[in-house]
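Descriptive structure summary
What follows is the residue order along each chain.
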Amino acid sequence: MPGDSTKDEGQSMKDHCIRFTAWKARAIREGKATQTRRRVKVGTVTQLEDGRWWPVGKRGKPLTCPYGEVGDILVVQEPWRPTQIFGRYELASKHPDPDYDYSRWRPSHTMPILACDLKIRTTAISVARIQDITEEECLLEGVPNREAFEKVWGSIHGPLSWEENEWVFVITFERHN
């Protein structure tokens, strides 16, 4: 069943890319974030026989999470910029000033895979409404409370996105090296 799978030893895992903002990538590096929420973009969400909610396609079959399965490795992409040394990159999450303005840096989706040095392993995947986030889950997201999370969500997805109360994949992870 989607989100339930685990990888047995010797079983192959897929690498997937996942994009983060500079502050979130920094929080992951510092061990302050172990969860993220991503919009469910396709299909509808229905309750499965085991009681969990999960997105399904047009034929009623469960869809896969675009970020893989439990046990998969996610390669973190973040804002970056090339240095004056050929083949070297500066990563936003490693910048000494966490309040630095990264607006002139290159966006995470353009980050070369070879520049990515941060990986995470998925430990759980579920589906929930964005407003169902708990105070404890906010801490796992790297923010202090729901109010802060709502502000961050709105800054990424638009000012009315919180009120839309969309379905999201809740991806829990651990750092992987």
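Conventions used here
- Residues numbered from 1 in each chain as written.
- Predicted model: local features only at pLDDT ≥ 70, side-chain atom pairs only at ≥ 80, totals over all residues.
- Heavy atoms only, no water.
- pLDDT = per-residue confidence, 0-100.
- Contact = heavy atoms within 4.5 Å.
- Salt bridge = Lys/Arg side-chain N within 4 Å of Asp/Glu carboxyl O.
- Helix = DSSP H or I, 4+ residues; strand = E, 2+ residues; numbered from the N terminus.
- Buried < 20%, exposed > 50% of the residue type's maximum accessible area, 1.4 Å probe, protein only.
- Pairing = 2+ DSSP bridges.
- Polar contact = N/O pair within 3.5 Å; in protein donor to acceptor, adjacent residues only side chain to side chain.

**What to know about the confidence of the model for the chain**
On average, residues of the chain score 89 in pLDDT, and 91% of them reach the 70 mark or higher. Taken together, the stretch residues 1-12 has pLDDT below 50 and engages in 23 contacts with residues farther than four places along the chain or on a different chain.

**What to know about the pattern of salt bridges**
One pass over the structure, following the stated rule, counts 11 salt bridges. For Glu-137, the salt bridge identified is with Arg-37, shortest N-O distance 3.1 Å. Of this pair, Glu-137 sits in helix H2 (residues 135-141) while Arg-37 sits in strand S2 (residues 35-39), and the two are 100 residues apart along the sequence. Arg-37 gets classed as buried once you look at its relative accessible area, which sits at 6%. The closest approach of N and O atoms between Glu-141 and Arg-37, which form a salt bridge, is 2.9 Å. Of this pair, Glu-141 sits in helix H2 while Arg-37 sits in strand S2; the two residues are 104 residues apart in sequence, bridging distant segments of the chain. Taken individually, Glu-141 and Arg-37 each receive the classification buried, so the pair is uniform in this respect. Through salt bridges that share partners, Lys-24, Arg-37, Glu-137 and Glu-141 make up one connected network.

**Quick word on the pairing of strand S4 (residues 53-56)**
Looking along a regular strand, one sees side chains alternate from face to face of the sheet. Pairing geometry for strand S3 (residues 44-47) and S4, over four bridges, is antiparallel. Considered in S4, the bridge of Val-45 is made with Pro-55. Hairpin geometry of S3 and S4 is characterised by an intervening segment of five residues between the two adjacent antiparallel strands and by a positive phi of about 95° at Gly-51.

**What about the side chain of His-95?**
Note on placement: His-95 falls in the loop between strand S7 (89-91) and strand S8 (119-129). For His-95, a relative accessible area of 10% corresponds to the buried category. At a separation of 3.1 Å, a polar atom in the side chain of His-95 contacts the main-chain amide nitrogen of Asp-97.

**Notes on the environment of Val-170**
Note that Val-170 resides in strand S9 (residues 167-176). Along the primary structure Val-170 and Pro-112 are separated by 58 residues, whereas in three dimensions their C-alpha atoms are 26 Å apart. Excluding anything up to four places from it in sequence, Val-170 contacts Gln-35, Thr-36, Arg-37, Ala-124, Ile-125, Ser-126 and Ala-128.

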